[in-house]
There are 2 protein chains.
Amino acid sequence: MEIKKEGNFSEWYHEVLEEAEVVDARYNMKGALVWRPFGFQLRKLVFTHLGNLMEATGHQETLFPLMIPEGQLMKEADHLEGFSPEVYWVTKGGDTKLEVPLAIRPTSETAMYPMFALWIRSHADLPLKIFQTVNIFRYETKHTRPLIRDREVSTFKEAHCAHADQAQVDEEMALIRDAYNRFMDALCIPYIISRRVSWDKFPGANVTYSYDQVMPDNKTLQNATTHDLGQGFAKMYDVNYEDEGGKQQLCHMSSHGISSRILAGMIGAHGDDKGLVLPPLFAPVQIVVVPIVFKGNKEPEAKALELAGELSGEYRVECDCRDRSPGDKYYHWELRGVPIRLELGPRDMENNAVMLVRRDTGEKRSVPLDSLNQVLEETMLAIEHDMRKKAWARQDKAIVAAQSVDEVLDAEKKGFVAKVPLCCEDCGKALEDKLGSYEVRGFIVGEKPKGNCVECGKPAKELGLLSNAY
Amino acid sequence: MEIKKEGNFSEWYHEVLEEAEVVDARYNMKGALVWRPFGFQLRKLVFTHLGNLMEATGHQETLFPLMIPEGQLMKEADHLEGFSPEVYWVTKGGDTKLEVPLAIRPTSETAMYPMFALWIRSHADLPLKIFQTVNIFRYETKHTRPLIRDREVSTFKEAHCAHADQAQVDEEMALIRDAYNRFMDALCIPYIISRRVSWDKFPGANVTYSYDQVMPDNKTLQNATTHDLGQGFAKMYDVNYEDEGGKQQLCHMSSHGISSRILAGMIGAHGDDKGLVLPPLFAPVQIVVVPIVFKGNKEPEAKALELAGELSGEYRVECDCRDRSPGDKYYHWELRGVPIRLELGPRDMENNAVMLVRRDTGEKRSVPLDSLNQVLEETMLAIEHDMRKKAWARQDKAIVAAQSVDEVLDAEKKGFVAKVPLCCEDCGKALEDKLGSYEVRGFIVGEKPKGNCVECGKPAKELGLLSNAY
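Rules of the game
- Position numbers for residues start from 1 in each chain and track the written sequence from start to end.
- To read the labels, note that chains go from A and ligands from 1, taken in the order they are written.
- Totals for whole chains, interfaces and linings use every residue, but because this is a predicted model, local features are given only for residues with pLDDT of at least 70 and side-chain atom pairs only at 80 or more, for both listing and counting.
- Remark: hydrogens and water are excluded; side-chain values derive from all non-hydrogen atoms of the structure.
- For the purposes of this entry, the term helix denotes a DSSP run of H or I that reaches at least four residues, the term strand denotes a run of E that reaches at least two, and both are numbered from the N terminus.
- Here the globule rule reads 2.2 Å times residues to the power 0.38, and the radius of gyration is calculated from C-alpha atoms.
- Relative accessibility thresholds used throughout: buried, under 20% of the residue-type maximum; exposed, over 50%; partly exposed, between the two (1.4 Å probe, protein chains only).
- In summary, the charge assignment counts Lys and Arg as positive and Asp and Glu as negative, without counting His or the chain termini.
- Charged side chains are reduced to one point each, which is NZ for Lys, CZ for Arg, CG for Asp and CD for Glu.
- Strands are treated as partners if at least two bridges between them are detected by DSSP.
- To obtain an axis, a line is fitted to C-alpha atoms, over the contacting stretch when the element is a helix, and the angle between two such axes runs from 0 to 180 degrees between their N-to-C directions.
- Between two residues, a contact is recorded if the distance between any of their heavy atoms is within 4.5 Å.
- For salt bridges, the criterion is a side-chain nitrogen of Lys or Arg within 4 Å of an Asp or Glu carboxyl oxygen.
- Counted as a polar contact is a pair of N or O atoms within 3.5 Å, where, for protein atoms, one must be capable of donating a hydrogen and the other of accepting one, and residues adjacent in sequence contribute only when both atoms are in side chains.
- Each angle receives one of four descriptions, namely roughly parallel if under 35 degrees, roughly antiparallel if over 145, roughly perpendicular if within 65 to 115, and oblique otherwise.
- Here a crossing is called left-handed whenever its near helix is offset anticlockwise from the far helix by less than a right angle, and right-handed whenever the offset is clockwise.
- Residue polarity is assigned by list, with Asp, Glu, Lys and Arg as charged and Ala, Val, Leu, Ile, Met, Phe, Trp, Tyr, Cys and Pro as nonpolar; anything else, Gly included, falls into the polar class.
- Alignment of copies: least-squares fit on C-alpha atoms of residues with pLDDT of at least 70 in both copies.
- With strands facing away from the observer, any crossover in which the path from the first strand over the helix to the second runs clockwise is taken as right-handed.

### A look at the overall build of chain A
So, point 1. When helices and strands are counted, chain A shows 14 helices and 23 strands.
So, point 2. The C-alpha atoms of chain A give a radius of gyration of 25 Å, which matches the 23 Å a tight globule of 470 residues would have.
So, point 3. Dimensions of chain A along its principal axes, counting C-alpha atoms only, are 80 × 55 × 50 Å.
So, point 4. In chain A, buried positions account for 59% of the 470 residues.
So, point 5. Charge centroids of chain A, computed over 58 positive and 72 negative side chains, lie 3 Å from each other.

This is the structure we're talking about:
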């Protein structure tokens, strides 16, 4: 790594993606990425974990087609208006002009709900809860940025549900919030949940909740969204059920999603000047064993291989016996964010010990081999705990509680994220007009406003989240 | 199931896909399928197994973009000619006409190899062996058929390799053949490996080997292909390396793939009039426990739940306590191909036993609970063994060793697949011209021809495979 993270986040971010071989942005299409083997493993570990959470909350995995016939996409007017400027269209097959142009999914509501209409008959079929992991596409006219703003979003884990009534929707929204909280916690990513303002919610949704993370440059990154879609989509796609009294009722729908952007959040939150720093749960390599070969004494190598073999039952382990200097090896694995390095040299062997080095803190200690298993277990937990704490502290420091328009203006000038008491969306809009590029991201959930609306002086009802956003 | 398999394979096949909830073909685009939760699990088990085989043979998982810019797809002339009639084109983003039309990948050679050119520097980087699991697209003008001929092939596990020389290619071809053989064996699918005739090989390949399976209607299904691509693609995409002497050399390429079609092969080979019959290794549910509740005695239910809980450490188990008749439950799980059913009624409980029923043979036996674990293990292996044996026997019976043109004509008339001694491709072509819809699929690998070429009477060098093909 040549670029320091502090003050050069964007350059650092591009360098670390390339050097650690996460993704390759040199593919010959703007906003499309190639996942390299190391990055692919990282992606797989992260999204497998999320898949397990989806299954644990009662969602079943499915897979729907990529293409959506024009008329089918066009049915929900708000949805269409929101997405149509960004939809890629397939218009030709071979040399033949297609009779019906096919949209490449920007998201899958309109692909799925006509099938829901076929599958759902009665209240006994509800709630119907499914998810899939697919690529989605947006013809972005804005500047693209790997994993943060891609034209091909390579990975989108989207859950879609049909419910009998609002109570079922509310239950689902609570389940998803719990699952997403746990997911962010596992990734050691801090978050602010907010209810998106009406002009910024998902096209076609009644309510959108969003998870934002403050990145190292103090811009907020939207990492997850969860939508109460009301009955609009159900109406357009005839998603009905027969209730217990034998009457036809319209379903309520909800949808929820997390994309590969979450990896940008994880990398941004934890990385340092040496490269990636990964939570143990998701590191493709959790432990690297490096033998220190001295004056041709190959004993440490044999011992290192043996140790790596023993640990590989419990952890994802590499033993680096390449013909390189220890320094080269440290650099290589630090860049890839391996949480724990075990060095094994002649002196360690004499002492029946290994030198354990933590990636997140650099802390070094000699650990007797007979207590290694326990120390590793404790250290993995400590790393996760400390990474989470550090990331939350960094985020908290970046957020200012502003109590007046002047304080909001000051926060924007100094590059802080602001929390601001407001009474309503109109006052949020009025405030936004006085600011530069800062916008009202939403109204924070789980935290009460203090004092009065900074805009109109009436008692505040909402706590607005204001920031520059990715 | 209402349709019998024998004599109505095509109708039976459509019915079983729908009734067992494998895929739903009612999506509003010809040749595009929805994977339902049960089918998705089946797909996942099958392709995870294949992925493990790919990793065990040294391939690393990656993911490449869906779209390929026009100029990049167009570089390899044979390849282009082979695929261009079937390529879907994205020509619009929102309302904007794209400057460069984007092809939706029909396969990924042309997406990958320009990246290979960036990644490969020296002989130490070779062989480079990767794979990915993606959807691919063909604008099929022929009749589509779920999983067999789709426009969106939802699942394609393709391996792509760059090699230093022909020896490395040959080594890879042997490794892949071994892996694919083991995969087919695990699926209990019979196969005939043949070298495709030159007019039927992969566009751009030097040599294509193919795995064909004889389906219940005696048409052959191509389940897998493996290609020695020579140096043509490497030349077009500048995939070079520096050899040990410091000289630039052109790489050799190979590619290998298996698609979701393999599930059609598996379903076709084993299913019966009751529905799916699945090899234990891939059955989403391996054991179903059905309590027989008699005169309101709920004890069997409690015992069944307990038993299912115990077995679930080792197997994928369901306990069916729904308020339905035993017959309904048997029908439900037989349809879904569950290899073993355990019935547990009052009499079984008295005897401290369960009734074990094999899905593949219908065989029933009472098994004492204290030997159940061992009997299950043996029975799973026996099912796999017997399914494989039966499928091979069925295929062998469908193939006739013809020794003259008349015998080939007779085989075609009677609907058998034919093995025919030939001396060369020209004679194969000449023979094909005398037949109806039968074609020379390729020259069988691993079996020597006996006698003379049926066409010209010279000593035969090849054993041609002739059939109608899917």
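We are not done yet, so read on.
### Re the sheet that holds strand S17 (residues 317-319) of chain B
Backbone-to-backbone hydrogen bonds pair the strands of a sheet. The strands run either parallel or antiparallel.
Residue and element names in this part refer to chain B.
So, point 1. Across the sheet, 5 strands lie side by side as S17-S16-S19-S20-S21; this open sheet has mixed pairing. Single-partner strands in this sheet number two, and they are S17 and strand S21 (364-368). Averaged over all neighbouring strand pairs, the angle between strand axes comes to 25 degrees, with direction disregarded.
So, point 2. With 5 bridges connecting them, strand S20 (residues 353-358) and S21 associate as antiparallel partners. Bridge pairing in S21 links Val357 to Lys364.
So, point 3. The strands touched by helix H9 (residues 299-311) within the sheet are strand S16 (287-291), S17, strand S19 (340-344) and S20, with S16 carrying the most contacts at an inclination of about 165 degrees.

### Regarding the side chain of Glu412 of chain B
Residues and elements named next belong to chain B.
So, point 1. Here Glu412 shows up in helix H13 (residues 405-414).
So, point 2. Among buried charged residues, Glu412 stands out as having no salt bridge; its nearest opposite-charge side chain is Lys413, 11 Å away.
So, point 3. Within the local environment of Glu412, its side chain forms a polar contact with the backbone nitrogen of Ser437, the two atoms lying 3.0 Å apart.
So, point 4. Glu412 has contacts with Leu435, Gly436, Ser437 and Tyr438, leaving out every residue within four places of it along the chain.

### Looking at the packing of helix H1 (residues 9-19) of chain B against helix H8 (residues 261-270) of chain B
Residue and element names in this part refer to chain B.
So, point 1. Contact pair H1 / H8: the axes reach a minimum separation of 11 Å and the direction vectors enclose 110 degrees. In terms of axis orientation, H1 runs roughly perpendicular to H8. Note on packing geometry: the crossing formed by H1 with H8 is right-handed. Contact residues: H1 offers Phe9, Trp12, Tyr13, Val16 and Leu17, while H8 offers Ala264, Ile267 and Gly268.
So, point 2. When its residues are assigned to classes, the contact of H1 with H8 shows 7 nonpolar, 1 polar and no charged.

### Focus: the pattern of salt bridges
So, point 1. Inspection of every chain in the model, using the stated rule, returns 56 salt bridges over all chains.
So, point 2. Where Glu140 of chain A meets Arg149 of chain A, a salt bridge forms, and the shortest distance between an N and an O atom there is 3.4 Å.
So, point 3. The exposure class of Glu140 of chain A is buried, given its relative accessible area of 8%.
So, point 4. You can call Arg149 of chain A buried: its relative accessible area is 17%.
So, point 5. A salt bridge links Arg441 of chain B to Asp200 of chain B; the nearest nitrogen and oxygen atoms lie 3.5 Å apart.

### Here we look at the sheet that holds strand S3 (residues 60-61) of chain A
Residue and element names in this part refer to chain A.
So, point 1. On the basis of which strands lie adjacent, the open sheet formed by 11 strands has the order S3-S7-S8-S14-S11-S10-S9-S22-S23-S21-S20 and mixed pairing. Sheet topology places S3 and strand S20 (399-401) at the edges, where each strand pairs with a single neighbour.
So, point 2. Here S20 pairs with strand S21 (residues 417-422) via 3 bridges, running parallel. By the bridge assignment, Val400 is partnered in S21 with Ala418.

### Observations concerning the relation of the copies chain B and chain A
So, point 1. Least-squares fitting of chain B to chain A yields an RMSD of 0.0 Å, with the transformation described by 0.0 Å of translation along the axis and a rotation of 180 degrees. Each copy turns onto its partner about a two-fold axis. In terms of proximity to the rotation axis, the leading residue of chain B is Val90 of chain B, whose C-alpha is 2.1 Å off the axis.
So, point 2. With an isologous cut-off of 70% or more, the 100% of interface residues of chain B that recur at the interface of chain A puts this contact in the isologous class.

### A short note on the packing of helix H2 (residues 37-56) of chain A against helix H8 (residues 261-270) of chain A
Residue and element names in this part refer to chain A.
So, point 1. Axis separation between H2 and H8 bottoms out at 11 Å; the angle between their running directions is 105 degrees. Here H2 lies roughly perpendicular to H8, going by the angle between them. For the pair H2 and H8, contact is made by Leu42, Arg43, Val46 and Phe47 and by Ile262, Leu263 and Met266, respectively.
So, point 2. Split into classes, the residues belonging to the contact of H2 with H8 amount to 6 nonpolar, no polar and 1 charged.

### What about the environment of Gly442 of chain B?
Residue and element names in this part refer to chain B.
So, point 1. Relative to the elements of secondary structure, Gly442 occurs in strand S24 (residues 439-444).
So, point 2. Judged by its relative accessible area of 0%, Gly442 is buried.
So, point 3. Separated by 72 residues in sequence, Gly442 and Asp370 have C-alpha atoms that sit 53 Å apart.
So, point 4. Excluding residues within four positions of it along the chain, Gly442 makes contact with Ser194, Arg195, Arg196, Val197, Leu463, Gly464 and Leu465.

### Here's the deal with H1 of chain B
All names here are of chain B.
So, point 1. Every buried residue belonging to H1 is among Phe9, Trp12, Tyr13, Glu15, Val16 and Leu17, and all of these are buried.
So, point 2. Elements that come into contact with the buried residues of H1 comprise strand S1 (23-24), H8 and strand S15 (276-277).
So, point 3. Phi for Glu21, located one or two positions after H1, is positive at around 60 degrees.

### Thoughts on the pairing of strand S15 (residues 287-291) of chain A
Residue and element names in this part refer to chain A.
So, point 1. Counted residue by residue, S15 has 5 buried out of 5 residues, so it is predominantly covered.
So, point 2. By the alternation rule, side chains of S15 split into Ile287, Val289 and Pro291 and Val288 and Val290, which are all buried.
So, point 3. Two elements, S15 and strand S16 (residues 317-319), share 3 bridges in a ladder whose sense is parallel. Each residue of the ladder has a partner; that of Val288, found in S16, is Glu318.
So, point 4. The parallel pair S15 and S16, bridged by helix H9 (residues 299-311), forms a crossover whose chirality is right-handed.
So, point 5. Here S15 pairs with strand S17 (residues 340-344) via 5 bridges, running parallel. Each bridged residue has a counterpart across the sheet, and for Val290 the counterpart in S17 is Glu343.

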